[in-house]
Amino acid sequence: MRKIEPAPHFGGWLDRTMKSDREPREIVFAGNLVVDRLKFVEAWPKFMGLTTITRQESALGGLACNCAVDMAKLAPEAPVRVLGIIGKDALGDQIIKEFSKYPSINTEFVARAGETSFTDVITTPGGQRTFFQFPGAGALLGPEHFDFSRLNAAILHIGYILLLERLDGPDEAYPTGLCRVLDMARKSDILTSVDVVSESGDRYKRVVSPALAYTDILTINDMEAEGVTGIPLRNAEGQLNRDTLEPCVRALAELGVKKWVCVHMPEVAAGLDVESGKYMEAKAFHVPEDFIKSSVGAGDAFAAGLLYGAYRGLPFEKALDEANAVAAYSLKGSSASDAMAPLNEVLGEMERYRA
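Read on for an overview of the structure. Counting restarts for each chain, with residues numbered from 1 along the sequence as it is written. Totals for whole chains, interfaces and linings use every residue, but because this is a predicted model, local features are given only for residues with pLDDT of at least 70 and side-chain atom pairs only at 80 or more, for both listing and counting. No hydrogens and no water enter the side-chain calculation; it runs on all heavy atoms of the structure.

1. Thoughts on unusual backbone geometry
It is generally the case that most residues other than glycine have a negative phi and that most peptide bonds are trans.
No. 1: For the bond from Gly159 to Tyr160, the omega torsion is 10°, close enough to zero to count as cis.
No. 2: In this text, helices come from DSSP runs of H or I with a minimum length of four residues, and strands from runs of E with a minimum of two, each type numbered from the N-terminal end. Counting through the fold element by element, Tyr160 comes out in strand β8 (residues 153-161).
No. 3: Not every positive phi belongs to a glycine, and Leu162 is a case in point at roughly 85°.

In structure tokens:
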């Protein structure tokens with residue numbers, strides 16, 4: 001296994017907290033462990049209408065699954081640990097079987113109870129998708145499942161906020177159970193990172209905002225950023241308003257994010273290096289239409305690319321650009337992670353599509 005160098009961008013933080021035997025520290029992905037039941041349709045039907053399913057597939061989904069497999073493919077030398085709950089059923093067996101294909105993924109902290117969470121993902125031509133989610137065993141995940149004394153963790157990436165029933169709920173000493181988990185992680189010298197699920201409603205400010213005070217890295221999309229801050233990023237026609245991008249990113253940082261804020265969208269990735277105060281944008285990669293099979297998992301691919309940059313100690317601007325490339329590359333797969341490849345291969349191919 002190739003040695004992982006310390007992270008100079010974080011002041012040697014990774015090196016200072018490694019075990020005395022110099023064992024590489026892990027990237028822990030926690031939260032939703034899901035099986036995606038993918039259905040590709042001719043068109044989205046009108047209410048009470050009918051459409052044709054052209055093909056269907058089954059694949060892993062949810063943050064913990066997608067990011068873990070993406071990381072295992074991007075960087076086989078980086079040790080990955082998955083933390084969450086799956087069912088005692090065939091779908092749970094499917095998740096464990098898929099993880100077993102990757103030597104770098106450790107599933108010791110995957111518990112089993114009830115029914116495995118699944119999502120029906122309906123994809124229309126052009127890659128647009130709609131989700132129907134069954135929470136299942138994932139709703140049982142609580143602070144007691146996070147034993148940081150047994151984790152040799154460098155980074156904890158957890159989500160999706162708004163889809164973690166117990167962790168989204170109140171805690172006796174914190175605004176939410178997730179706030180407790182993130183605070184425990186930071187007190188254990190673990191870099192914390194979160195992601196959010198897109199939804200319509202008023203829960204963003206009530207559930208997401210408190211967690212950001214315990215977060216080092218935030219990775220969300222434009223819809224989620226608008227939900228948290230209340231700052232509109234698109235007009236009525238859906239066009240991006242670039243004048244509000246920087247104010248929105250800075251407003252997210254003001255909620256307490258400590259290191260990096262990232263808002264990704266098809267047109268651009270906007271970010272803030274909180275410690276320096278520098279705002280920046282990474283241009284999109286313009287891939288041809290026939291390159292795109294599905295956008296499912298693109299947000300998790302972006303997060304995996306960004307976190308691998310943090311793990312290696314890259315400057316934020318470089319990590320943001322790599323994350324954009326990884327997300328764009330993921331579009332060539334029909335499921336969340338099936339297209340992913342080693343990072344040098346991803347960057348080499350995506351250079352052809354740089355704007």
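Now that the structure has been shown, the text picks up again.
2. Focus: the packing of aromatic side chains
No. 1: Two aromatic rings from Phe, Tyr or Trp, using only the six-membered ring of Trp, form a pair when their centres are within 6.5 Å; if the ring planes differ by under 30 degrees the pair is stacked, by over 60 it is edge-to-face, and anything between is tilted. Applying the stated criterion to the full structure yields 6 aromatic pairs.
No. 2: A centroid spacing of 5.4 Å and a plane angle of 65° characterise the contact between Phe291 and Tyr353, whose relative ring orientation is edge-to-face. One end of the pair, Phe291, is in the loop between β13 (278-283) and α9 (298-312); the other, Tyr353, is in the segment after α11 (343-350), and 62 residues separate them in sequence. The residues Phe291 and Tyr353 share a single accessibility class, namely buried.
No. 3: Its end group placed over the ring of Phe118, Arg37 keeps NZ or CZ at 3.9 Å from the ring centre.
No. 4: Whether a charge lies above a ring is judged from NZ of Lys or CZ of Arg, which has to be within 6 Å of the ring centre and within 35 degrees of the ring normal. A cation sits over an aromatic face here: Arg55 above Phe40, 3.8 Å from the ring centre. For the exposure calls, accessible area comes from a 1.4 Å probe over protein chains only, and a residue counts as buried if that area is under 20% of its type's maximum, exposed if over 50%, partly exposed in between.

3. Some thoughts on the sheet that holds strand β3 (residues 53-61)
No. 1: Note: two strands are recorded as paired if DSSP finds a minimum of 2 bridges between them. Judged by pairing direction, the sheet is mixed, and its 4 strands sit side by side in the order β3-β2-β6-β7 without closing on themselves. Edge positions in the sheet fall to β3 and β7 (129-134), since each has one partner strand and no second. Across the sheet, the mean angle separating the axes of adjacent strands is 20° when strand polarity is ignored.
No. 2: Contacts are residue-level and defined by heavy atoms, with any inter-residue pair within 4.5 Å sufficient. Here the axes come from fitting lines to C-alpha atoms, over the contacting stretch only for helices, and the angles between their N-to-C directions go from 0 to 180 degrees. The strands touched by helix α2 (residues 63-74) within the sheet are β2 (34-41) and β3, with β3 carrying the most contacts at an inclination of about 80°.
No. 3: Contacting β2, β3 and β6 (117-123), helix α3 (residues 90-99) runs over the sheet at an angle of about 70° to β3.

4. Structural notes on the sheet that holds strand β9 (residues 191-196)
Strand pairing in a sheet relies on backbone hydrogen bonds. The paired strands run either parallel or antiparallel.
No. 1: Taken together, the 9 strands give an open sheet; going across it, the order is β5-β4-β1-β8-β9-β10-β11-β12-β13, and neighbouring strands pair in mixed fashion. Where the open sheet ends on each side, the last strands, each with one partner, are β5 (105-112) and β13. Taking each pair of neighbouring strands and ignoring which way they run, the sheet shows an average axis angle of 15°.
No. 2: Seen against the sheet, helix α5 (residues 177-187) touches β8 and β9 and runs at an angle of roughly 170° to β8.

5. Focus on the nonpolar core
No. 1: Side-chain atoms within 4.5 Å link the members of a nonpolar core, which is a set of buried Ala, Val, Leu, Ile, Met, Phe, Trp, Tyr and Cys residues. Counting 64 residues, the largest nonpolar core has Leu33, Phe99, Ile105, Leu306, Leu320 and Met350 as the members making the most contacts within it.
No. 2: With 10 residues, the single largest contributor to this core is α9.
No. 3: Ignoring sequence-local partners within four residues, the contact set of Ile105 consists of Ala68, Val69, Ala72, Val80, Val82 and Phe99.
No. 4: Listed in part, the 50 residues of the second largest apolar core include Phe146, Leu156, Tyr204 and Val249.

6. Thoughts on the pairing of β6
The side chains of a regular strand alternate between both faces of the sheet.
No. 1: In terms of residue burial, β6 counts as a mostly covered element, since 6 of its 7 residues are buried.
No. 2: Pairing analysis gives 7 bridges linking β2 to β6, with the strands arranged parallel. The residue bridging Arg37 from the neighbouring strand is Asp120, located in β6.
No. 3: As defined by bridge partners, β6 adjoins β7 across 6 bridges and the pair is classed as antiparallel. If you follow Asp120 over to β7, its bridge partner there is Phe132.
No. 4: Remark: 5 residues form the turn of the hairpin made by β6 and β7, two consecutive strands paired antiparallel; Gly126 in that turn has positive phi of roughly 100°.

7. With respect to the environment of Gly271
No. 1: Position of Gly271 among the secondary structure elements: in strand β12 (residues 268-273).
No. 2: Between the alpha carbons of Gly271 and Gly169 there is a distance of 29 Å; along the sequence they are 102 residues apart.
No. 3: Those residues in contact with Gly271, other than ones at most four positions away along the chain, are Val249, Val261, Cys262, Lys278, Tyr279, Met280, Phe316 and Leu320.

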